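# Per-entry structural report
Listed below, chain by chain, are the residues.
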Amino acid sequence: MVVIPTHDLIVLPGVTFYFQKEYFQEIVRKEAVVGEEAIFLMLKEDRARSDMKEEDFYYIGASGVIDNIDKDGNVGIKAVSRVMVDMLDVTPEEILVTATDRPDIEDMDADEQKKHYDAVKSAVLQFVQGFQWGIVARNYINQWKTMAEMVCTMSYHLSISTEEKYAIMEADKISVRTALMEKALYEFIEVTKVSNEVQKEQAETHEQLYREEAIRKQIEILQRQLDEMHPENVSDLRKFQQKIQESSMNDTARAEAEKILNRMKQEGENGHEYGMLYDYLDFVTGLCWDKAEFSEIDLGEAEKILDEEHFGLKKVKDRVIQQIAVMALNKKQSGSILLFVGAPGTGKTSIGQSIAKALGRKYVRVSLGGIRDEAEIRGHRRTYVGAMPGRIMDGIKRSGASNPVMVLDEVDKLSHDYSGDPASALLEVLDPEQNSTFTDHYMNVPYDLSDVLFICTANSTDTIPEPLLNRMEVIQFPGYTESEKVQIARRHLLPRAMKTMGIKAANLKVSDEVLHAIISDYTMEAGVRGLKKMLDTLCRTAAVKLVKGEQKSLTVSTKRLREFLDQKPMIHDHILEEKKPGIVTGLAWTQAGGDILFIETLFTKGSGQIIITGQLGDVMKESVQIAVSLAKSMFPDKAQLFEENDLHIHVPAGAVPKDGPSAGITLTTAISSLLSGNAVSASVAMTGEVSLRGVIMPIGGLPEKLMAAVRAGITTVFIPKENIEDLEDVADEIKEKLEIIPVHKVEEVLKKTGVIK
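To start, this report covers the structure provided alongside it. (Residues numbered from 1 in each chain as written. Predicted model: local features only at pLDDT ≥ 70, side-chain atom pairs only at ≥ 80, totals over all residues. Heavy atoms only, no water.)

### A word on the layout of surface pockets
Approximately 880 Å³ is the volume attributed to the second largest pocket. In terms of lining residues, the second largest pocket is bounded by 34 residues, among which C152, T153, M154, Y156 and H157 are the most central. If you list the elements that add at least two residues to the lining of the second largest pocket, you get β1 (2–6), β2 (16–19), α1 (21–28), α2 (110–128), α3 (134–143) and α4 (147–153). Classifying every residue of the lining of the second largest pocket by side-chain character gives 23 nonpolar, six polar and five charged. (1 Å grid on protein atoms, 1.4 Å probe; cavity = no way out; pocket = protein on both sides within 12 Å on 5 of 7 lines; lining within 4 Å. Points joined across faces, edges and corners; volume = space filled by probe spheres on them. Helix = DSSP H or I, 4+ residues; strand = E, 2+ residues; numbered from the N terminus. Nonpolar A, V, L, I, M, F, W, Y, C, P; charged D, E, K, R; others polar.)

### Here's the deal with the environment of Y278
Relative to the helices and strands, Y278 is located in helix α9 (residues 274–286). For Y278, the residues in contact, after removing those within four places along its chain, are D236, F240 and M264. (Contact = heavy atoms within 4.5 Å.)

### Some thoughts on the pairing of strand β7 (residues 337–342)
With respect to burial, β7 is a largely interior element, six of its six residues being buried. Residues of β7 alternate between two faces, with I337, L339 and V341 on one and L338, F340 and G342 on the opposite face, all of them buried. Summarising the sheet, β7 and strand β13 (residues 472–477) pair through six bridges and their orientation is parallel. By the bridge assignment, L339 is partnered in β13 with V474. Pairing analysis gives four bridges linking β7 to strand β12 (residues 453–458), with the strands arranged parallel. Paired with L339 across the bridge in β12 is C456. (Buried < 20%, exposed > 50% of the residue type's maximum accessible area, 1.4 Å probe, protein only. Pairing = 2+ DSSP bridges.)

### Here we look at helix α7 (residues 236–246)
Each α-helix turn comprises 3.6 residues. Residues three or four places apart therefore point the same way. When we look at burial in α7, the residues that qualify are R238, F240 and I244. The arc that holds the buried residues of α7, viewed along the axis, is 165°, so those residues lie on one side. (Arc of directions from axis to C-beta.)

### Some details on the packing of helix α8 (residues 251–267) against α9
Remark: α8 packs on α9, axes separated minimally by 10 Å, with the N-to-C direction vectors making an angle of 150°. The angle between α8 and α9 falls in the class roughly antiparallel. In this structure, the crossing between α8 and α9 has a hand that is left-handed. For the pair α8 and α9, contact is made by E256, A257, I260, L261, R263, M264 and E267 and by Y274, L277, Y278, Y280 and L281, respectively. Partitioned by chemical class, the residues of the contact of α8 with α9 number nine nonpolar, no polar and three charged. (Axes fitted to C-alpha atoms, helices over the stretch in contact; angles between N-to-C directions. Parallel < 35°, antiparallel > 145°, perpendicular 65-115°, else oblique. Left-handed = near helix turned anticlockwise from the far one by under 90°.)

### A few points about the sheet that holds β7
Strand order in the open sheet made by the five strands is β8-β9-β12-β7-β13, with parallel pairing throughout. Each edge of the open sheet is held by one strand with a lone partner, namely β8 (363–367) and β13. Ignoring which end each strand starts from, the neighbouring axes of this sheet average 25° apart. By the bridge criterion, five bridges tie β8 to strand β9 (residues 405–409) in an arrangement that is parallel. Bridge pairing links S367 to D409 in β9.

### Description of the nonpolar core
Among the nonpolar cores identified, the biggest contains 53 residues, and F340, L508, I518, L538 and L561 are the most heavily contacted of them. By size, the runner-up hydrophobic cluster in this structure holds 52 residues, among which are L287, V341, M406 and L426. (Core = buried A, V, L, I, M, F, W, Y, C linked by side-chain atoms within 4.5 Å.)

### Section: helix α10 (residues 299–309)
Along α10, the residues that are buried comprise A302, I305 and L306. Here the buried residues of α10 occupy an arc of 95° about the axis, which is enough to place them on one side. Looking at the packing, one finds that the buried side of α10 touches α11 (314–330) and α12 (348–359). With a side-chain oxygen lying 3.1 Å from the backbone nitrogen of G300, the N-terminal cap of α10 falls on D298. (Polar contact = N/O pair within 3.5 Å; in protein donor to acceptor, adjacent residues only side chain to side chain.)

### Some words on the packing of helix α17 (residues 482–501) against helix α18 (residues 512–522)
One can describe the packing of α17 onto α18 by two numbers: an axis separation of 10 Å at closest approach and a directional angle of 120°. In terms of axis orientation, α17 runs oblique to α18. α17 and α18 meet at a crossing whose hand is right-handed. Facing E482, K485, V486, A489 and R490 of α17, the residues of α18 in contact are D512, L515, H516, I519 and S520. Classifying every residue of the contact of α17 with α18 gives four nonpolar, two polar and four charged.

Any functional reading would require information that these geometric values do not contain.
See below:
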């Protein structure tokens, strides 16, 4: 006896089943023998022969006999009766079973069964007529004699579960089994009909879609050929459609652009919103959406470019090279946001151009001076008339790249009003953690700014909000020394001015002596902007003389300098010709660099009032109060002078506002000199904040102040002891010309200047 496991196959008495030779041997594990008894057992779930267990089988099956074996070894088994399994033992090698017959309950006569079969057969024959294979299927259907044969043959196609198939085999009553078989066959017919109808509709829909797509492609090809033949006739809609398709926009931007394009189609060229929609698409499609690939950086070449285009600024160039080296190692935009701080004309903006050149990137400059509306940074919402993108995205569009070097000029000149705070809007732009999804209000879609190298410039950090300042690394641009300015003029400014005016090198000779004279007598600045203007003026005057034919070649001398520059030399503050008690020279920092100032004090008959003139700010007035208190404590025997006289303190020039604490030591020394009657040398200057303890505290802007001291002819400078480290930022040329004395106490200054013995 052989046991044949089946799954999803209904086995009923009177039906013959055929198995291929290989399949039979695989599941039975032996050769077939004609006349041998066989038992069919249904599996609850489909399993491999080696994984079958006793609990995987239903316990009602069918017994049969191997009826025939054809010449190819295929086996035919005829089911004879249903059986009930009494014992089942499943091993990987064989399946052992004992079973007893389970007879049918004949509660329906043969005529009734035939009547039901004929009705189902008629329905099936009618069903298959709607298919091309219906003729072939009709022949098979006509060969079936019973409903059981029909159900067993169609087992694998019926739309019922394994449990429902087993229920047909399990039914003892013929009437119940017939009803279940009818239900299964009619369900199959109806489900297949619905499925075919759905498939037909889907096929029709797909066919229509394919047809539309084919027509659309043909139209597109023809339209493209027409556009190539007559580019002047291409419509705006067509241009934008092509740009959107060709761009690498993110999904959000593409969806928004297509939505606006559809609105343009609906509006038509005469629509009142057409112009606004056109401007939007023109801007969005004009942006570079491609993620820029990182290109290799030649650090040596970068250093060479910076050295060629900028003289001096060693510390600044070293920090820039560090930034470029970090980017080269990481192969991406990384590092701090740089903030260049320095006086006008010191090269902050132009070094940004050199960085772009060194990196091989596009350069774009965005001026932020005077901006007071947040929309200037983030853009205006398109609901407003005349809406425009913000300056950041406008700069990106002008650069034509997604990774330019962007110089944000004059960030210290930002202001704010009821329209918002642009400095706060810059926080997102300059934050590497946020700017990868920067959303301009005008665009209303995210744009990746993470590859942009931002460089900011400012004259001072005082007006930059703290949260914004914290996002940037401050790099100070000190003023240039006179010798550095001569080199800059010789290498860059003068050749550029001569080229602009059309003067050849052979037609104009300017010596270093003349350049020194221009710098010292006609300019007063830390940078070279005024020097550039003077050289432009000189070249324009020379151009007039050359065109008039007065001379074929001009040599500018110091005697003829006023003739060429057409103005008088500037009057600089120089050291006083004679020293006098109560007058001391101080050093001040300004946005244009450094300068010297004179503290003048005088006693006049009065009632002990303190008169302050010279447009001093609140901080400087407090320094006056501290200086007066210190002087009274150090000269208690002079107290009567303060009671019987008014103390007048003046800081020229009177038209220039002044403020800050760094004049504290100068005020104290001047009042002490007035009290002691001992004058301080005119070649001595000093700077430092003082406290009531008589301690001299550190100040800022030391490099600029020392340059001003050298320019004014000062030879000795007192500085706070805590500012010694700042001397590293001072040019050697300046330090060589000055005797710099660090001090910690006011008494040290008074003794070294001879105010007290």
